[in-house]
Amino acid sequence: MGAMRLRLYHHHDGARVAYREYGTGPPLALLHSGLLSHMEWEPVVEHLGDRFRLVLPDLPLHGDSEARRRHPYTPDWFAEVIAGFCAEVLGPRPIVGGHGAGAEILMRAIAGERLEPSRLVLMPNRMHAPPTYPLRRRAWQLATSAAAVPGLDGLLSYGAGLVFRPEWGVRMSSRANPAAADLLRHAFADVPGNSSLARSWAKAARAWPRGAQRHLLDLYPRLQMPVLLLWADRDRMHPLAGAEEALELLGDGQLRVLASTGFLMAYDDPVGLARELAAFCG
């Protein structure tokens, strides 16, 4: 990844966001999906670094960023921290994109008038729809929330390491890219035995929305910036229908679909993903 620079943003409440920078040009921030890290974007770095100053943060509770139990880890708190991060690191009216939880946090920050990007890229996430696999999501949230119980925190942290094994990353790639194993290995390297992290995750699991986010249907028509819905055609967790419904409500939106890509688009088609980002973000 060349001269990747590691930096820290300090929020006013003490929360720290670790981020990597690469390249020169206008800043472009990409927020990874939940349970991953900035390494989700590693395959596209070399294709975008000559056109943008890529800014790749680790979301709080992920990678090298904030994980101490002192913070609330509610969706509004995530939105506040990321909005502050964007203002200080990227400047006014930044170009931002997000995948999964990263996209949800960006939309919450925009809805709360904390963030006003000049361009917005939304990659596969549940948008306004209910979870595709509600029972699985409910089971994950219940299990993670149980880490708040003394004695279970350490046990569940070891359990997460057993469930999210590196091979799971390969299965998330529609093309079974073996490099995706390293993504999962890095994301969960510090999880087993980390009871403090488990308790912080328990807070986030209890607070994260579980059902459909119908309020986003009111947000879409109010978005003043150009919006790119950049979707994968083989991501079973985030069907294309949600993006198509959102597109009808966007004033300045477009939908692009990367063929033969799954949940990890950057690992399935890094050249195609970089091409679409460069074309839209300028």
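Residues numbered from 1 in each chain as written. Predicted model: local features only at pLDDT ≥ 70, side-chain atom pairs only at ≥ 80, totals over all residues. Heavy atoms only, no water.

This next bit is on the packing of aromatic side chains. A complete count under the given rule lists six aromatic pairs for this structure. Centroid distance phenylalanine 78 to tryptophan 208: 5.7 Å. Interplanar angle 85°. Geometry classified as edge-to-face. Of this pair, phenylalanine 78 sits in helix α2 (residues 75-89) while tryptophan 208 sits in the loop between α8 (195-207) and α9 (216-219), and the two are 130 residues apart along the sequence. Cation over ring: arginine 119 sits above phenylalanine 280, and NZ or CZ is 5.1 Å from the ring centre. (Phe/Tyr/Trp six-rings, centres within 6.5 Å; stacked < 30°, edge-to-face > 60°. Helix = DSSP H or I, 4+ residues; strand = E, 2+ residues; numbered from the N terminus. Lys NZ or Arg CZ within 6 Å of the ring centre and 35° of its normal.)

Right, let's talk about the pairing of strand β5 (residues 95-98) for a bit. By the alternation rule, side chains of β5 split into Ile95 and Gly97 and Val96 and Gly98, which are all buried. The sheet contact formed by strand β3 (residues 27-31) and β5 spans four bridges and is parallel. Residue leucine 28 lies in a different strand from β5, and its bridge partner there is isoleucine 95. Between β5 and its parallel partner strand β6 (residues 119-122), the chain crosses via helix α3 (residues 101-111), and the hand of that crossover is right-handed. (Buried < 20%, exposed > 50% of the residue type's maximum accessible area, 1.4 Å probe, protein only. Pairing = 2+ DSSP bridges. Right-handed = clockwise from strand over helix to strand, strands pointing away.)

Counting residues in each nonpolar core, the largest one holds 85 residues, and the members touching the most others are Leu120, Leu229, Leu230 and Leu273. When residues of this core are assigned to their parent elements, the largest contribution, nine residues, is made by α2. For leucine 229, the contacting residues outside a window of four places in its chain are Leu122, Met127, Ala243, Ala246, Leu247, Leu250, Gln254, Leu255 and Arg256. (Core = buried A, V, L, I, M, F, W, Y, C linked by side-chain atoms within 4.5 Å. Contact = heavy atoms within 4.5 Å.)

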